[in-house]
Amino acid sequence: MNTLPDVRGTRPGVERLHDASAAQDVQTATAVPVTAEGIAQGARPVPLRTRVSNFADWAGSLDTRWRYPLFVFAGTRVLYLVLAVIDHYLRTGSAGRHWGLGRELANWDGAWYMAVSVHGYYHHLELTHWNTLGFLPLYPMLVWLLMHAFSMSDVLAGMIISTLTGAATTVLITRLVERWWGKDAVRRAILFFCLFPGSIVFSMVYTEGLLLALVAGSLLAMEHRRWVLAGVLAGLSTAVEPVAMAIIPACAMAAWLEIRARGWRDKAALRSLAAPILSPLGVIGFGVFLWIWTGTPLASFTTQKVDWHETTTPLAIPRAAVTLAKQALGVEGPPHPNVDLNIVVGLLGTVFLIWGLRCLWRLRARVPAAALVWTAAVVFMTLTSNSTPPNARMLICTFPVIVAVGATLRGRAYRRLITSSTLLLIVMSLITFVSTGLRP
């Protein structure tokens, strides 16, 4: 046992020095690590709450520019992988389906993207059944390149691209949030973004990681007035998903505001026109390819419209509500289950979207017009879509809304938000990974 040294006869200053040193020795002695030896010496174990608090302090000390977002993203990816493994062992056998882990990660549209990367596009329209012409080419092209460059499976290549681009998306959105609302909002916004149920697409063979990385990069480039880079990234995004068409009016808005502020005679301002000019090149290039390949530049659009029944109507949400009511009452609907979970999620997503837009509106003062235009365009697309209502995957594309909600709430309200979002993430993911009932 440590004892205080005998300091009688020493000078007052030296006595205080010895007292401080002795107190430090006593403090060190009582802070024995929680091991068998430490317990034998009388040290008390550190409470779990204290450990969690220390871990939170350590996570909070991480650099918000890239270490913190990457740490949070990696943690949530581990959570999704654990859920996929649990789902594989608990639900595959009971459902009578012998799906491997790769089949779970490439479920839903992921199977179609893998088909494009392995077999390519049909040479002609097949309007009697679904086919690969309904999907845009950039993501399958990257999967094909990775497959052949490193001799790996299509699912592994797709997962690598989804994960890496999802991490890039998280870092880029972190930079945007910091520019818009400061460092104080970053941690809350990014944690909610990564725990939002729609972030499952960053852990599946899906295109949203690539799409949002390009879109967020384009928005960030526009804020730095790097117009050619913004246009190139926007143009690449339009070869990923149809929802990327929303970046075209966003680029046009940014260029118009720049020219309006600096005048048509300003050469630097005129350079902003590069962004809207380059932004549609991805979809234009795909249209040219389809024209040569199938004989019509609208092959993908026609396939989506006829085979997937993808149409636009302002009555999409009211019709979904009526359909859900009829299914709940047993008037119509498939027998198993009687209620389509996708409609339920879409209607709940609509409510969340309205609330999130209110949060974004309150914080709009520091959000660039291009980001607001992107959000408005995506919101319009999903609210008027006949087959893709505001589900979790579409909501993640309205990322300014997601981060605005996370940045707005504080304290108990924020903790409730994170808890409820995490629970929804777990429940919805377990249904999505091994299911044909709830798509991402």
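Because the structure is a prediction, the values reported are computed rather than measured. (Residues numbered from 1 in each chain as written. Predicted model: local features only at pLDDT ≥ 70, side-chain atom pairs only at ≥ 80, totals over all residues. Heavy atoms only, no water.)

> Go over the pattern of salt bridges with me, naming the residues and quoting the values.
Under the counting rule described, the total for this entry stands at seven salt bridges. Where E223 meets R179, a salt bridge forms, and the shortest distance between an N and an O atom there is 2.6 Å. Placement of the pair is E223 in helix α10 (residues 208–223) and R179 in helix α8 (residues 154–181), with a sequence separation of 44 residues. The partner of D184 in a salt bridge is R410, and the shortest N-O contact between them spans 2.9 Å. Taken together, the positions of D184 in helix α9 (residues 183–195) and R410 in the loop between α21 (399–408) and α22 (411–433) put the pair 226 residues apart, joining distant regions of the chain. (Salt bridge = Lys/Arg side-chain N within 4 Å of Asp/Glu carboxyl O. Helix = DSSP H or I, 4+ residues; strand = E, 2+ residues; numbered from the N terminus.)

> Which residues make up empty space enclosed by the protein, and what values do they have?
In this structure the tally under the stated criterion is two cavities of 30 Å³ or more. Quantified by volume, the largest cavity comes out at close to 80 Å³. Surrounding the largest cavity, 13 residues form its lining, P197, I200, A392, M428 and P440 being those nearest its centre. Residue assignment for the lining of the largest cavity shows that the elements contributing at least two residues are α20 (392–397) and α22. The greatest single-element share of the lining of the largest cavity, amounting to five residues, is contributed by α22. Counted by class, the lining of the largest cavity contains eight nonpolar, three polar and two charged residues. When its volume is computed, the second largest cavity comes out at roughly 30 Å³. (1 Å grid on protein atoms, 1.4 Å probe; cavity = no way out; pocket = protein on both sides within 12 Å on 5 of 7 lines; lining within 4 Å. Points joined across faces, edges and corners; volume = space filled by probe spheres on them. Nonpolar A, V, L, I, M, F, W, Y, C, P; charged D, E, K, R; others polar.)

> Just give me the short version of the side chain of E241, but keep the residues and values in it.
For E241, the position within the fold is in the loop between α11 (227–237) and α12 (247–262). Among buried Asp, Glu, Lys and Arg side chains, E241 stands out as unpaired, with R393 the closest opposite charge at 4.2 Å. Side-chain polar atoms of E241 contact the side chain of T207, separated by 2.3 Å. Setting aside its immediate chain neighbours within four residues, E241 contacts Y113, L136, T207, E208, L211 and R393. (Buried < 20%, exposed > 50% of the residue type's maximum accessible area, 1.4 Å probe, protein only. Lys, Arg positive; Asp, Glu negative; His and termini not counted. Polar contact = N/O pair within 3.5 Å; in protein donor to acceptor, adjacent residues only side chain to side chain. Contact = heavy atoms within 4.5 Å.)

> Break down the packing of aromatic side chains for me, citing the residues and quoting the values.
Under the counting rule described, the total for this entry stands at 17 aromatic pairs. Measuring from ring centre to ring centre gives 5.9 Å for W112 and F135, while their planes differ by 15°; the resulting arrangement is stacked. Residue W112 is found in helix α6 (residues 109–119), and its partner F135 is found in the loop between α6 and α7 (138–150); the two are separated by 23 residues along the sequence. A relative accessible area of 21% places W112 in the partly exposed class. Summarising the aromatic geometry, the rings of W130 and W308 are spaced 5.5 Å apart at their centres and angled 15° between planes, so their arrangement reads as stacked. In this pair, W130 sits in the loop between α6 and α7 while W308 sits in the loop between α16 (299–306) and α17 (316–329), placing the two residues 178 residues apart along the sequence. Here a set of aromatic residues connected by ring pairs shows up, and it is made of W112, Y113, W130, F135, Y139 and W308. (Phe/Tyr/Trp six-rings, centres within 6.5 Å; stacked < 30°, edge-to-face > 60°.)

> Run through the environment of L357, naming residues and quoting values.
Mapping L357 onto the fold places it in helix α18 (residues 341–362). Taking the C-alpha atoms as reference points, L357 and V379, 22 residues apart in sequence, are found 9.5 Å from one another. For L357, the contacting residues outside a window of four places in its chain are T375, V379 and V401.

> Any details on the packing of α10 against helix α19 (residues 369–383)? Residues and values, ideally.
Contact pair α10 / α19: the axes reach a minimum separation of 9 Å and the direction vectors enclose 150°. By the angle between their directions, the pair α10 and α19 is classed as roughly antiparallel. Judged by residue contacts, L212, V215, L219 and M222 of α10 engage A370, A371 and W374 from α19. (Axes fitted to C-alpha atoms, helices over the stretch in contact; angles between N-to-C directions. Parallel < 35°, antiparallel > 145°, perpendicular 65-115°, else oblique.)

> Lay out α19 in plain terms, naming residues and giving numbers.
At 3.6 residues per turn, the α-helix brings residues three or four places apart onto the same side. For α19, spanning 15 residues, the distance from its first C-alpha to its last is 21 Å, which sits close to the expected 21 Å at 1.5 Å a residue. All of the buried residues in α19 are A370, A371, V373, W374, T375, A377, V378, V379 and T382. As for α19, its buried residues are in contact with α8, α10, α12, α18, α20 and α21. (Expected span 1.5 Å × (residues − 1).)

> Go over unusual backbone geometry, please, and point to the residues and values.
Positive phi outside glycine occurs at W108, with the angle close to 60°. If you trace the backbone, W108 turns up in the loop between α5 (101–105) and α6. For W108, a relative accessible area of 22% gives the class partly exposed. The phi angle at H309 is positive, at roughly 55°, despite the residue not being glycine. Topologically, H309 is positioned in the loop between α16 and α17.

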